[in-house]
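Next come the chains, spelled out residue by residue.
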Amino acid sequence: MMNFNAVFMYLTGMDLGTFLQHLTNGISLGSLYALVAIGYTMVYGTLRLINFAHGDVFMMTTYFAFYGVSTFMMPWYVSFILAIILTGALGMLLEKWAYRPLRDAPKISIMISAIGASFLLENLAVVLFGGRPKAFPSVKILTDSIQLGSVSIQKLTFVIPIVTVIFLVGLLYLINHTKTGMAMRAVAKDYETAGIMGVNVNLTISQTFAIGSMLAAVGAIMWGLKFPQIAPLMGVMPGLKAFIAAVIGGIGNIKGAVIGGFILGIGEIMIVGFLPSLSGYRDAFAFIFLIVILLFKPTGITGEKIAEKV
Amino acid sequence: MKQKKTLLTLIAILILFVFVFIADQTLDSYKMRILNLCAIYVILGLSMNLINGFTGLFSLGHAGFMAVGAYTTAILTMPDIVKTQNFFMTPMMKPLDTLHVPFFLALLAGGILAGVVGYLIGAPALRLRGDYLAIATLGFAEIIRVVFTNTQSITNGALGLKGIPVSTNIWWTFGLALVTVLIIGSLINSSYGRAFKAIREDEIAAESMGINLFKHKVIAFTIGAFFAGIGGGLLGSLLGTIDPLMFRFFLTFNVLLIIILGGMGSITGTIISAIIITIGGEALRFLDESMTIGSLVIPGISGMRMVVFSALLMIVVIFFNHGIMGTKEFTWDGLFAKFAKKPLAKGGNKQ
Amino acid sequence: MKKVASIFVSALLVGALIATGCGTKTESPSATTGSSASGDVIKIGVFEPMTGANAAGGALEVEGIKLANKLYPEVLGKKVELVLVDNKSDKVEASSAASRLVEKEKVSAIIGSWGSSLSMAAGDIVKKAQVPTVAASATNPLVTQNNDFYFRVCFIDPFQGKVMANYAFSKLNAKRVAIVQEISSDYSIGLSKFFTDSFKELTGDQNAIVGVANYNTGDQDFSAQLTNLKAKNPDVIFAPGNFTESSLLIKQARQLGIKVPIIGGDTWEVPEFISVGQEAVEGAIFSTFFTSEKPITPESEKFLAEYRKANPGVEPAAVTALGYDAYIVILDAIKRANSADSIKIKEQLAVTKDFAGAAGMITLDKNGDAVKDAVIKQVKNGKFTYLDIVKAK
């Protein structure tokens, strides 16, 4: 073992313990990205719409959960579940007010509306909740650390990937094996034809948004437990990172989003790990990654070619 | 008829200069600052409208181009002694520390550099379309900001630059805004402009008509970036201080709001809405302040103004998606037609 | 219907333009620079971030300014009116806001702003208009440089960096220090630079700083940076930065099993630092301006009594005391000038000496920077507790 460590250090300039710690950190961060990215990619897959406000819906969840515990004195699990449900409702409202009126408008209009919705939610949060950050309720049984050799791991690090996989499997089942899922796929292909064939298009899109937003909510709660500080602008970066993760995996592809999340999370951590002098550029890496993927493999690492509609 | 219109245009320009002269003589510096900001936002709005409105490329990289222009102008105009004071942590890179040129040249250099950056970004990114392009340009703008934060020996990093000579005055801003209007106006009405609009309306049809998509997109993008750089340079020189955090996505959002409200694809609309947004933004300050009605004091809610602005953007997009002017323009013909109440004889306001 | 509505809204917008635009143009111009009190009111502008990234700091400072205004509502027999403008944590807004205070509100003096870069955006404006401005907690040396009209009641980054380097070296017996800095914050990189210089000098070891890691404002995950530093085995970690990132950073450091002391700067002294960091920030050490446990001057006691009366069970933050000080320093200058003329106030402000403020004695040096003692505090049992005091000279 000692020998292996020395060889490893010679090859990488990093001792094995440190490397494993980086890997653990990367998996932990990556699984969070993955969880938020699933919701992102799902909405895109159905509507071909980049939901800029996804990160802000994510932010709202943490406030719902916060007020549930602090103002209404609910036990954390009740508050969290309620927050997830409320977020689903928020997602539906968002779709109804900001996106539905523009369904037949040029794509740019919807995107601008999405940007507007995103800013509106952020600024409403400033007005309603104040600009000062708040502490997210902590759940001791989930946030404690355990020590494995030289590697220190938060229990949450095991919980998040499990939650991610559960939701991934559930979602794949929903989409591929239920009637609702079939309607979603039909709407994604061509919503006008789907409407003619008897699919309730508005309901299906509403459901998509509700589920997508609830997935963001689950991600937000996990995020809040790991980084227990909430603020009106906290959703911006996670939202962008989740989007990048979704693009890496091939946007619209749910399994791809999970893979993309892990690639981005581990990649970000490893770049800082191996090139510490570049740590100030960390946020730029994610964008460079995004642009490289967009330019050379715009459909992502799992994506298939989409024919241009004329 | 044509001579008459040229004459009218010249008279309008003359009136503008008289207005600027009177404003310069009588208004206090707070109002002058707002007027200056109006003109700068006209430049920024037009530059973004050229890319987003006329050519239909949804780009969100404006803050990045402005940063390039602002930093170039600032670094080229700051006196040596101020540079030494600013760079008290990491000395400035040679030969930048002793380099300076007159304001106009610095501004031009800022614009050109922003244009070059625009070209370098555009050449690969413009192969993307729609929302992908938007995200990629947003990403580039963020990368520029992160790079500026980290290159301390050139930009002074997070410390920012202070003591930039305040060369911007109302003659510069209004003069350059006018130049921008004239240049972009004649560009739009040239064969290039018609190609831009064709690309906006339908890329595939435009391509089959023999328009070189890539070339025209890159031209629009580079020129847009150039004027964004000029606008950024003016802004930096008006404020006297810049730092990387200034060039966040929020700045792009402000300009986007202007072109949406004014109408994507209208020069006149952009001018009107740049003025409305800038003055309106100041006028709406009362929303953040506490109000006293009789003996009742309503405490101000900080941030209310931004709620109004973002709601406005959504309302315009959802209910009035053509903005104030749509793709229409104010023209002398249109004005005559209005007064003559005759059917339109010539182009003008026909849409 | 839609068309009618669209015409209506357009008309409304154009109407708004005309109303505001013309309003701007026709208001009577004022040519004079500087300003003076009109009637029985002396106006003092308050220029602070009430929204955006710096809102928390801005709110704390305003708290202190308002408290001081409540205690001292009058000077020279005239009522003092505070005019609060939000600079939105944004430079463009900040310059417009400052310009508004100077031109439209015609204030005699200005207080603000939290955040050095925002203060710098106002620098040229107040200099040109000749309105004296007192920053409460802007610690970047550039703020007052080359500007006769900018003052501050706090010490500057070089001093604070030196204080912490001294503390780490002599009290914590550190030989090897690792630094985590917020690369996009002028405050953070300023402090780490001055810390580095002093610490190298103290130890005589050019390699005394064993590692430097960077992060950006708004980052939430620091695990990669911290894991790198852990491998370097430092005696102490110096992590100057805003409390928002720092509390998460310290929490993650403890989760990664980093047990060495973590030290920082004055921005940590905010209740949220503890409520977010909880038991992880226990033992965190930082320098600040003021402690409520050891009232330094009679004014401190007065401030504390009033603050505790208004906020039962809450101890004031240092920046609140500094906001309070900025206000009373201006009032003192007005009193000595016996006038609300801004140039006379500036002259008197410049010679402020041994003035008893809530956060210690204030003497302004030739740059307009306060020369004062630093207080070292530590988080103990979920509270900021006094540890030591470091004399200015």
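Cut-offs and rules
Residues numbered from 1 in each chain as written. Chains lettered and ligands numbered in written order. Predicted model: local features only at pLDDT ≥ 70, side-chain atom pairs only at ≥ 80, totals over all residues. Helix = DSSP H or I, 4+ residues; strand = E, 2+ residues; numbered from the N terminus. Contact = placed C-beta atoms within 7 Å. Pairing = 2+ DSSP bridges. Nonpolar A, V, L, I, M, F, W, Y, C, P; charged D, E, K, R; others polar. Buried ≥ 20, exposed ≤ 12 C-beta atoms within 10 Å, placed from the backbone. Core = buried A, V, L, I, M, F, W, Y, C linked by C-beta atoms within 7 Å. Domains from an automatic or database assignment.

Novice: For this particular structure, what's the right way to read the overall build of chain C?
Specialist: The secondary structure content of chain C amounts to twelve helices and 16 strands. Excluding contacts between residues fewer than 6 apart, the proportion of contacts in chain C whose partners are at least 24 apart in sequence is 69%.

Novice: In this structure, what is going on with the pairing of strand β16 (residues 383–390) of chain C? I would like to understand it.
Specialist: Each regular strand carries side chains that alternate between the two faces of the sheet. Residue and element names in this part refer to chain C. When strand β15 (residues 374–380) meets β16, the two strands line up antiparallel, connected through seven bridges. Bridging across to β16, Val 379 finds its partner in Phe 384. Where β15 hands over to β16, the hairpin turn is made up of two residues, of which Asn 381 adopts a positive phi near 50°.

Novice: How should the interface of chain A and chain B be read in this particular structure?
Specialist: Bring the parts together and some accessible area is lost; that lost area is often taken as the interface size. Contacts between the two partners involve 33 residues from chain A, matched on the other side by 31 residues from chain B. Sorting the residues of the side of chain A that touches chain B by element identifies α5 (107–129) and α13 (282–296) of chain A as the ones contributing at least two each. Here the side of chain A that touches chain B is built from residues that sort into 26 nonpolar, five polar and two charged.

Novice: Just checking my understanding: could you explain unusual backbone geometry for this structure?
Specialist: The general pattern is negative phi for most residues beyond glycine and trans for most peptide bonds. Note that the residue after Lys94(B), namely Pro95(B), is joined by a cis bond; omega there is 0°. Here Pro95(B) shows up in the loop between α4 (80–86) and α5 (103–125). Backbone torsion omega between Gly112(C) and Ser113(C) reads 5°, so that peptide bond is classified as cis. Not every positive phi belongs to a glycine, and Gln130(C) is a case in point at roughly 60°. Tracing the sequence through the fold places Gln130(C) in the loop between α4 (116–129) and β5 (133–135). Accessibility expressed as a C-beta count within 10 Å gives 17 for Gln130(C), which makes it partly exposed. A positive phi angle, near 50°, is found at Asn173(C), a position not held by glycine. Counting through the fold element by element, Asn173(C) comes out in the loop between α5 (157–171) and β7 (177–182).

Novice: Sorry, what's going on with the nonpolar core here?
Specialist: A general tendency of soluble globular proteins is for nonpolar side chains to be buried together. Counting residues in each nonpolar core, the largest one holds 342 residues, and the members touching the most others are Ile111(C), Ala168(C) and Ile330(C). Counting residues per element, this core draws most heavily on helix α2 (residues 29–54) of chain B, at 16 residues. When residues of this core are assigned to domains, at least three fall in each of domain 1 (41–155 + 296–372) and domain 2 (158–288) of chain C. Not counting residues within four places of it along the chain, the set of residues in contact with Ile111(C) comprises Ile44(C), Val46(C), Phe47(C), Ile65(C), Val134(C), Ala136(C), Ala326(C), Tyr327(C) and Ile330(C).

Novice: It is not clear to me how the domain arrangement of chain C should be interpreted in this structure. Could you clarify?
Specialist: Residues and elements named next belong to chain C. One can read the domain layout of chain C as domain 1 (41–155 + 296–372) and domain 2 (158–288). Centre-to-centre, using C-alpha coordinates, domain 1 lies 29 Å away from domain 2. Each partner contributes residues to the interface: domain 1 has eleven residues there, and domain 2 has twelve residues. Those elements that provide at least two residues to the side of domain 1 that touches domain 2 are α2 (55–71) and α4. Here the residues of the side of domain 1 that touches domain 2 sort into seven nonpolar, four polar and no charged.

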